[in-house]
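Descriptive analysis of the structure
Residues per chain are reported as follows:
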Amino acid sequence: MPLTPLDIHNKEFARRFRGYDEDEVNEFLDQVIKDYEIVIRENKELHNQLLSIQERLDHFVNIEETLSKTIIVAQEAADEVKSNAKKESQLIIKESEKNADRIVNEALSKSRRVAIETEELRKQASIYRTRFRTLLEAQLELLSQDDWDALESREVREGVI
């Protein structure tokens, strides 16, 4: 156990015949007591500073650990967001491709229907022209027959015309 200033102050030395000068020893001990008290006080202050610095260090270590964990969590969250965005973009692309295929298929289907309808209308127009031509030819043939001449001469004879 270390000496205290009180231990130094209360220390009694045995007296001998040819010993040291008592006043000089007491004066020296008083100086040692003062210096020792200063050293003890400084030691206490340094100890308190050390404790304070240790607390701050612990606080900063705690902050560092928290920041490290936060950075890791943020990195994981960023990676997850990036992964989700990539998956979502792939889904959007696939859906867009499906829609594009559907639109193209619908357009092809409509185009085929229009082509079929157009062909059908051409056929109907051709049939109509053929029938009309046949009808006209039949009418012309009727007009060019001798029966009209006879009918016309009969009408002239009867005075209808």
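Described below are features of the structure shown in this document. (Residues numbered from 1 in each chain as written. Predicted model: local features only at pLDDT ≥ 70, side-chain atom pairs only at ≥ 80, totals over all residues. Heavy atoms only, no water.)

**What to know about the overall build of the protein**
Short version of the rule: A helix here means a DSSP run of H or I that spans at least four residues, while a strand means a run of E at least two residues long, and both kinds are numbered starting from the N terminus. The atom set for the radius of gyration is the C-alpha atoms, and the globule formula is 2.2 Å times the number of residues raised to the power 0.38. In this scheme, a residue with accessible area under 20% of its type's maximum is buried, one over 50% is exposed, and one in between is partly exposed, where area comes from a 1.4 Å probe on protein chains only. Charge assignment in this entry is limited to Lys and Arg as positive and Asp and Glu as negative, and neither His nor the chain termini are counted. Where a charge sits is defined by one atom per residue type, namely NZ (Lys), CZ (Arg), CG (Asp) or CD (Glu).
Looking only at helices and strands, the protein features three helices and zero strands. Going from N to C terminus, the protein has its helices and strands arranged as α-α-α. In terms of overall dimensions, the protein is more spread out than a globule: its C-alpha atoms have a radius of gyration of 63 Å, far above the 15 Å expected for 161 residues. If one aligns the C-alpha atoms of the protein with their principal axes, the spans along those axes are about 200 × 25 × 15 Å. Relative to its full complement of 161 residues, the protein shows a buried share of 2%. The distance from the centre of the 25 positive side-chain charges to the centre of the 35 negative ones in the protein is 6 Å.

**Some thoughts on the environment of Ser89**
On the secondary structure map, Ser89 appears in helix α2 (residues 22-144). Judged by relative accessible area, which is 32%, Ser89 ranks as partly exposed. Once the C-alpha coordinates of Ser89 and Ala138 are considered, the two residues, 49 residues apart in sequence, prove to be 72 Å apart.

**Notes on the pattern of salt bridges**
We count it as follows: Put simply, a salt bridge is a Lys or Arg side-chain nitrogen that is within 4 Å of an Asp or Glu carboxyl oxygen.
Considering all chains together, one arrives at two salt bridges under this definition. We note a salt bridge from Glu106 to Arg102, for which the minimum N-O separation is 3.2 Å. Taken together, the residues Glu106 and Arg102, both in helix α2 and four residues apart, mark about one turn of the helix. As a salt-bridge pair, Arg122 and Glu119 come within 3.8 Å of each other at their nearest N and O atoms. Linking Arg122 with Glu119, this pair stays in helix α2, spanning three residues, or about one helical turn. Judged by its relative accessible area of 56%, Arg122 is exposed.

**Points about a nonpolar patch on the surface**
Operational definition: Like charges within 9 Å and nonpolar side chains (Val, Leu, Ile, Met, Phe, Trp, Tyr) within 5 Å are joined into patches, using only residues over 30% in relative accessible area that form no salt bridge. Exposure was quantified through the Shrake-Rupley algorithm and a 1.4 Å probe, taking into account, for residues, occlusion by the shown protein chains and nothing else.
Nonpolar side chains collect at one region of the surface, where Phe60, Ile63, Leu67 and Ile71 lie side by side and expose about 390 Å² of accessible area between them. Within the secondary structure layout, Ile63 lies in helix α2.

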